[in-house]
Structure formats: structure tokens, C-alpha cells
Amino acid sequence: MRGTDVKLPVWIGTSWKMTKTIAEARAYIEHIATAELPAGIQPFVIPAHTSLAAARDALPAESPVLLGAQNAHWGPEGAGTGEVSMRMVGDAGARLVEIGHSERRQHHAETDETVALKARAAVDAGLMPLICVGEPVDVHEAGEAIEFVSSQVRAALGRLSSTEVSGVLIAYEPIWAIGEHGRPATPTEVAPVVSELARVAREVSGGVGCRALLYGGSVDEANAADLLLDANTDGLFVGRAAWTPEGFLRLAAIAAEAAGVP
Ligand code: PEP
């Protein structure tokens, strides 16, 4: 369990990335909806756009699980072939929207500027931005992670008011830690970076801080509890280890244990 300064709830969420048909999405959501989710946590699931509405329809109204979208455009509507707007993903059931994931920065032309535009558009559409930041391996090895992610997060929040920043989720996801070739960051590697992100968020929000700071990158059942020991880490953002409902529920139980709510 974390110290007495623990901030509740402990967030635990997954992006399904480019996995799951509509039927698979429905089965997953029905599984976690019938399980009793522990107290003290804020669960969230981010399906692919194609199964967002089906996930919403499978989720009972009283469920604490928030749904999100993996991306959306900053423009309101119009000539954006292949894109969806914030309003469209909200209409399909999203309450939050993932912005700036490193896979999108690397392969889909996401930049600090488009991340900032999307954060602005998300807030305007009544969605919670989940802003992902993280450094590549060479920056990590050069000992420059803090400067790198701090600059990413300042850029991402640049179009929001201080009050709006307090509603934002930030995920620290070092690129070298993500995916099947990644190695999970150790709590010692995560702590100084998350501490700096917490400091920046407090600074730009007028002292309040962002809504929650999450760590992501090869989180699994073996390392989740240790990663949650850090007082600045308010939760975990998980890929592969939560792609089955059983995995998600086991991680939710670990997060609840960290929350220390009986
Ligand atoms: C991610 O890509 O955001 C992620 C956390 O993936 P994984 O947990 O599979 O490393």
C-alpha cells in the first residue's frame, strides 16, 4: 500500500490499440461489467473507434468504467478523410480521449502542436484529455528524460487555461518501455520523471496539479504494485497485460490494494 499521502482514486486503464472486433469488445466489456470492481479505483477502457459504441452499449449505466477513444482530430467537422472528431467520439461513448501516444507521434505525424490542438478540442467537446508523453531510448540513456517530457507536457497544455489543466490526465510512457520489445521502467527510473511532471502540472494549473498522473509501458501483474508505490503516480496505463478481461481485473485488484480502501 502507498503512504498516507495517497491520492484516490487509483486509475487503472487500458488501450486495446488495434485489437478486437466488435464482438470481442462486447464480450470483454460484459465480462468486466459482471465482475465486482473493487473500491478506490477509477477503471477505464479505450477501445478502437469501431467498437466504442458497442462497448458503451454493453456497459451498464451504473458501471464505474469510463470509456475513451484512442485519438480524435482537433477540427470540428469537414474534410478529414479517415479522421473522427472529438464530438463524434463523445457521441460514440468516449468520456476521455488519448492524445499523443508515441505510436502516433512516431508513425502518424503527431507533433507537440497537434497534441496541444487536440487537448484544446477535447476540453471544448467535454472530454478528458489523456496526454501521453515519453522519451526515446537515446534521450533516456543521455539522462535527459526529465527535460524531454517536461517540454512535451508544457507544449501539450499550452492551449489550456490553468483551471482546464486540473482536469487533464497525463501518462508518462517512455518509448523504450512500451510494447513487446520494451522493458518496463523501474520505479527508480519513473519516480524523478513523474515528480517533475507533477511539478510542471502544479505550476501551469495554478498549484492544483492535473487530475491524475499515470505510468505506462510494459506494466504487468508482477510490477504493477511496485510502480504504484510512488506517491506521484496516481495510476497505471496498460496495454498488453490488460487485453483480456481477466488480466484487467487482476490489475484492478492490484490497484485497489495500492489504494488501500478496504
Ligand atoms: C502503451 O502502448 O501505451 C502501453 C502501455 O503498452 P504495453 O503495456 O503493452 O507496453
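Not measured: the values here are computed from a predicted model.

Asks: Mind showing me how you'd approach the nonpolar core here?
Replies: Across soluble globular proteins, you tend to see nonpolar side chains buried next to one another. Ile29, Val45, Ile170, Tyr172, Leu197, Tyr215 and Leu236 are the most contacted members of the largest nonpolar core, which has 70 residues in total. No other element matches helix α11 (residues 245–259), which puts 9 residues into this core. Ignoring sequence-local partners within four residues, the contact set of Ile29 consists of Trp16, Val45, Ala55, Ala58, Leu59 and Leu67. Of all hydrophobic cores here, the second largest spans 13 residues; its members include Leu66, Leu96, Leu130 and Ala171.

Asks: When you look at helix α5 (residues 112–124) in this model, what are you seeing that I'm missing?
Replies: Each α-helix turn comprises 3.6 residues. Residues three or four places apart therefore point the same way. The end-to-end C-alpha separation of α5 is 18 Å, in line with the 18 Å expected for 13 residues at 1.5 Å each. Along α5, the positions that sit buried rather than exposed are Thr114, Val115, Ala116, Lys118, Ala119, Ala121 and Ala122. The secondary structure elements touched by the buried residues of α5 are α3 (86–91), β4 (96–99), α4 (102–107), β5 (128–133) and α7 (145–156). Gly126 sits one or two positions beyond α5 and adopts a positive phi of about 80°.

Asks: Explanation requested: helix α1 (residues 22–34) in the structure shown.
Replies: For α1, with 13 residues, the first-to-last C-alpha span of 18 Å sits near the 18 Å given by 1.5 Å per residue. Against β1 (10–15), β2 (41–46), α2 (49–58), β3 (66–69) and α11 lie the buried residues of α1.

Asks: Sorry, what's going on with the sheet that holds β5 here?
Replies: Two modes of strand pairing occur in sheets, parallel and antiparallel, and in both the strands are linked by backbone hydrogen bonds. Spatial strand order, β1-β2-β3-β4-β5-β6-β7-β8: 8 strands in a closed barrel with parallel pairing. Averaged over all pairs of adjacent strands, the angle between strand axes in this sheet comes to 25°, irrespective of strand direction.

Asks: Is there a simple way to explain the site of the ligand in this structure?
Replies: Around the ligand sit 13 residues, and of these Lys17, Glu173, Ser218, Gly239 and Arg240 come closest. With respect to the ligand, the side chain of Glu173 contributes an N or O atom lying 2.8 Å from an oxygen atom. Residue Ser218 places a main-chain N or O atom 2.8 Å away from an oxygen atom belonging to the ligand. Here the shell around the ligand is built from residues that sort into 4 nonpolar, 5 polar and 4 charged.

Asks: How do you make sense of a negative patch on the surface when you look at a structure like this?
Replies: A cluster of acidic residues, Asp138, Glu141, Glu144 and Glu147, forms a negative patch on the protein surface. Checked against the element boundaries, Asp138 lands in helix α6 (residues 137–141).

Asks: How should I be thinking about the pairing of strand β8 (residues 235–238) in this particular structure?
Replies: Taken residue by residue, a regular strand's side chains alternate between the two faces of the sheet. Here β8 shows a buried face lined by Gly235 and Phe237 and a second buried face lined by Leu236 and Val238. Strand direction decides the pairing type here: β1 and β8, joined by 4 bridges, are parallel. Bridge pairing in β8 links Ile12 to Leu236. For strand β7 (residues 212–216) and β8, the ladder comprises 3 bridges, and the chain directions are parallel. Bridged to Gly216 within β8 is Phe237.

Asks: Just to check I follow, could you spell out the environment of Glu103 for this structure?
Replies: Tracing the backbone through its elements, the reader meets Glu103 in helix α4. Judged by relative accessible area, Glu103 falls into the partly exposed class, the value being 29%. Taking the C-alpha atoms as reference points, Glu103 and Gly179, 76 residues apart in sequence, are found 10.0 Å from one another. A polar side-chain atom of Glu103 sits 2.7 Å from a polar atom in the side chain of Lys17.

Asks: Whenever I open this one, the side chain of Ser15 confuses me. Can you help?
Replies: The residue Ser15 is located in strand β1 in this model. Ser15 sits in the buried class, given a relative accessible area of 6%.

Procedures and definitions
Residues numbered from 1 in each chain as written. Predicted model: local features only at pLDDT ≥ 70, side-chain atom pairs only at ≥ 80, totals over all residues. Heavy atoms only, no water. Core = buried A, V, L, I, M, F, W, Y, C linked by side-chain atoms within 4.5 Å. Buried < 20%, exposed > 50% of the residue type's maximum accessible area, 1.4 Å probe, protein only. Helix = DSSP H or I, 4+ residues; strand = E, 2+ residues; numbered from the N terminus. Contact = heavy atoms within 4.5 Å. Expected span 1.5 Å × (residues − 1). Pairing = 2+ DSSP bridges. Axes fitted to C-alpha atoms, helices over the stretch in contact; angles between N-to-C directions. Near = heavy atom within 4 Å. Polar contact = N/O pair within 3.5 Å; in protein donor to acceptor, adjacent residues only side chain to side chain. Nonpolar A, V, L, I, M, F, W, Y, C, P; charged D, E, K, R; others polar. Patch = residues over 30% accessible without salt bridge, like charges linked within 9 Å, V, L, I, M, F, W, Y side chains within 5 Å. Areas by Shrake-Rupley, 256 points an atom, 1.4 Å probe, with all protein chains shown as cover. Salt bridge = Lys/Arg side-chain N within 4 Å of Asp/Glu carboxyl O. Lys, Arg positive; Asp, Glu negative; His and termini not counted. Charge placed at Lys NZ, Arg CZ, Asp CG, Glu CD.

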